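Working through the structure, step by step
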Amino acid sequence: MNNLKTFLLVGMVSLVSACSSIPLSTMVKLMDLNPLEADPNQIIVAVKSPDGVSVNDGDVVLDFSFRTGEPESSFNHTFPVIVDSDYALSAELKDELENDEQFTVMRLSEADAQRMKSGQKTIREYRSQHEEGGAGSINVRLISACQSGGSAWKDSELDVYLKTDQSDEFLLFLDDIELSELDVKNGC
């Protein structure tokens, strides 16, 4: 159990240092998340953006890493999440929308979900053989967005929500990300 707490603590420190826009309430809820038990096929990312700003495949990435003194037990994966246009928007997310906003729902590809499962297995096997050692992290990053021609930069903020299990609610993971802070592609 101490190993798991260490894994989560390192992950949380990584999250806090990587982006200061994570709400405190989300950090508390993330302490209950066990990244070794989460089913990668159930991880859902939802990005709320103003009309005229779209989020496409690869604009959001999920980072998953584990470091040990043994290269065969270490990895650093960056998974670009892909748009899931078939996902039915829940009432929970619909309630978060203003008139001029939209949600883009994304998930891992099947191949990336399998790679993440393999990484989880590697960590569990390493931890079963080594009482101490190894540090890991999991993070979600919004790295770019697409801006249509007439969209104004003013007040263009995006929010990222995360769900790790279909039976859970979405967590507000990143709050008020300024469009100007992202790699913006025009006219996509």
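Scroll up for the structure.
Residues numbered from 1 in each chain as written. Predicted model: local features only at pLDDT ≥ 70, side-chain atom pairs only at ≥ 80, totals over all residues. Heavy atoms only, no water.

1. A look at the sheet that holds strand S1 (residues 44-50)
The strands that make up a sheet pair up through hydrogen bonds in the backbone, lying either parallel or antiparallel. Across the sheet, 5 strands lie side by side as S5-S6-S1-S9-S10; this open sheet has antiparallel pairing. For this open sheet the edge positions go to strand S5 (82-83) and strand S10 (171-178), each flanked by a neighbour on one side alone. Summarising the sheet, strand S9 (residues 157-163) and S10 pair through 5 bridges and their orientation is antiparallel. Within S10, the residue paired with Leu 158 across the bridge is Ile 177. (Pairing = 2+ DSSP bridges. Helix = DSSP H or I, 4+ residues; strand = E, 2+ residues; numbered from the N terminus.)

2. Topic: the packing of aromatic side chains
Under the definition given, this model contains 5 aromatic pairs. For the pair Phe 66 and Tyr 126, a centre-to-centre distance of 5.7 Å together with 75° between the ring planes defines the contact as edge-to-face. One end of the pair, Phe 66, is in strand S3 (residues 60-67); the other, Tyr 126, is in helix H4 (residues 110-129), with 60 residues separating them in the sequence. Each ring, one from Phe 103 and one from Tyr 161, has its centre 5.4 Å from the other, and the planes form 65°; the classification is edge-to-face. Taken together, the positions of Phe 103 in strand S6 (residues 101-107) and Tyr 161 in strand S9 put the pair 58 residues apart, joining distant regions of the chain. The exposure class assigned to Phe 103 is buried, which follows from its relative accessible area of 13%. (Phe/Tyr/Trp six-rings, centres within 6.5 Å; stacked < 30°, edge-to-face > 60°. Buried < 20%, exposed > 50% of the residue type's maximum accessible area, 1.4 Å probe, protein only.)

3. Quick word on the nonpolar core
Core analysis: the largest hydrophobic core is formed by 32 residues, its most contacted members being Val 60 and Leu 62. Secondary structure elements with two or more residues in this core: S1, S3, strand S4 (75-80), H4, strand S7 (135-142), S9 and S10. If we ignore the near neighbours within four places in the chain, the residues touching Leu 62 are Ile 43, His 77, Thr 78, Phe 79, Leu 108, Met 116, Ile 138, Asn 139 and Val 140. Judged by nonpolar contacts, the second largest core, of 8 residues, contains Ile 44, Val 105, Tyr 161 and Phe 170. (Core = buried A, V, L, I, M, F, W, Y, C linked by side-chain atoms within 4.5 Å. Contact = heavy atoms within 4.5 Å.)

4. Thoughts on the pattern of salt bridges
The full count for this structure, using the stated rule, is 7 salt bridges. The salt bridge involving Glu 101 is made with Lys 48; its shortest N-O contact spans 4.0 Å. Of this pair, Glu 101 sits in strand S6 while Lys 48 sits in strand S1; the two residues are 53 residues apart in sequence, bridging distant segments of the chain. The class for Glu 101 is partly exposed, based on a relative accessible area of 22%. Between Asp 112 and Arg 115 there is a salt bridge, with its nearest N and O atoms 3.8 Å apart. Of this pair, Asp 112 and Arg 115 both sit in helix H4, 3 residues apart, roughly one helical turn. (Salt bridge = Lys/Arg side-chain N within 4 Å of Asp/Glu carboxyl O.)

5. Here's the deal with the sheet that holds S4
Across the sheet, which stays open at both edges, the 3 strands sit in the order S4-S3-S7 with antiparallel pairing between neighbours. Because the sheet does not close on itself, it has two edges, and the strands there are S4 and S7. Each strand of the sheet is rotated relative to its neighbour by a mean of 10°, with strand direction disregarded. In the sheet, S3 pairs with S4 via 6 bridges, with the strands oriented antiparallel. The residue bridging Ser 65 from the neighbouring strand is Asn 76, located in S4. (Axes fitted to C-alpha atoms, helices over the stretch in contact; angles between N-to-C directions.)

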